[in-house]
Every structure is written in C-alpha cells, then in structure tokens.
Amino acid sequence: MLTRIFCGGKGAKTEIYYRQLINATSTEVTRQIRGFLGAGAIQKGMHGSLNMDERGGLLKRMPVTGRLFMINSAGISGLPPFCGFVSEFLIYFAAIKLLISHTEILFIAALTVLIILSLTGGFAAAAFTKTAGAVFLGEPRSEIAKNAQEVPFSMRFIPMLL
C-alpha cells in the first residue's frame, strides 16, 4: 500500500524498485541498531571498559550476547541466510545481469560494482571474525574480562527481536 502511494500508479516495475529500496533501507537500519546495541551490551557487561585488548573469553561469561553478536556479524557481512544477504544478492543479481548487456559502459560499471561489493563483503567478514575472536574466544586477558557478567534481559530483548 505504501509503495503504491510513493509510485503514484506508475506500474508494477516501479513498485518493485521502491519495495527493494524500502527493504534495503530497513535492513541497513536494523543492522546498525543491532550493532550499536551489541557494542553497548559488551561495554556494560565489562563494567564500562572500552579497551578491546582487555577482552577475551567473554563467550563463557556472556553466552547470549556473544551469540547475538556473531549472528549480527554474519548479517552485516551479507552471509546467507541472514538479513543482509537478500539486499546484497539483489545487487549482485542486477550487476551480473548487466554484465551480459551489449554496451561497454554498463559492462564496466557492473564489473566495478561486483568487484567493490565482493571486496567489501570479504573485508567485513574478516573484520568481524577478528573482532569476535578477540572479544569472545580464548582466555580473559584482564581482571575486568574475568569478572564480566551477562547483561540484563532488557538489554538482550531488542537485539533478539531484530
């Protein structure tokens, strides 16, 4: 209904484009919210410490927060079947479809988009893997990490919903 109002009755193809735009925007907003809520939960569980070098072994002390962080990391990286995958898949699909077009400019643009999107997804997955390993795996590297506690349910509830 909302997309028909925005499209102004311009046809089904235009409505599909607007629906994809709304999907991509809402997916990105929820991913950002979950990321900030996850970081805040880790900070609260470690009693205010922001130093990543002091962390380690938090998965044993904060199991729900750790699992939510890892699920969110996979979604941000665009891995299937998480929320970021659909939006990125549609961009990949459109770029691959443009690769077989007969114009040289569209071919170069599509190839550039594919390379940039692949590199971005790979770098995001590598960065979140490093972060999850440094923060949640291994042994605690400080007294603050040894005394870390799971955050209250009220701080875990919203990330679970999103």
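Draft legend 1. Representation of the pattern of salt bridges. Applying the stated criterion to the full structure yields two salt bridges. K60 is the partner of E139 in a salt bridge, and the nearest nitrogen-oxygen pair spans 3.7 Å. Of the two residues, E139 sits in the loop between α6 (104-136) and α7 (143-146) while K60 sits in helix α3 (residues 58-61), which places them 79 residues apart along the sequence. Classification of E139 by relative accessible area gives exposed; the value is 54%.

Draft legend 2. Representation of the confidence of the model for the chain. Scored by pLDDT, the chain comes out at a mean of 79, with 90% of its residues at no less than 70. The least confident element of the chain is helix α1 (residues 2-7), whose mean pLDDT is 48; the most confident is α6, at 88.

Draft legend 3. Region of interest: unusual backbone geometry. Here P80 and P81 are connected by a cis peptide whose omega angle stands at 0°. Mapped onto the fold, P81 is located in the loop between α4 (63-77) and α5 (83-99).

Draft legend 4. Inspection of the environment of F36 at higher detail. Its place among the elements puts F36 in helix α2 (residues 12-45). Taking the C-alpha atoms as reference, F36 lies 9.7 Å from P159; in sequence the two are 123 residues apart.

Cut-offs used in this document
- Every chain begins its residue count from 1, and numbering advances along the sequence as written.
- Totals for whole chains, interfaces and linings use every residue, but because this is a predicted model, local features are given only for residues with pLDDT of at least 70 and side-chain atom pairs only at 80 or more, for both listing and counting.
- Based on all heavy atoms of the structure, the side-chain values leave hydrogens and waters out of the count.
- Salt-bridge detection follows one rule: a side-chain nitrogen of Lys or Arg within 4 Å of a carboxyl oxygen of Asp or Glu.
- What counts as a helix is a DSSP run of H or I of at least four residues, what counts as a strand is a run of E of at least two, and both are numbered from the N terminus.
- Here's how the labels work: a residue is buried when its accessible area is under 20% of the maximum for its type, exposed when over 50%, partly exposed in between, all with a 1.4 Å probe on protein chains only.
- In predicted models, pLDDT denotes the confidence assigned by the predictor to each residue on a 0 to 100 scale.

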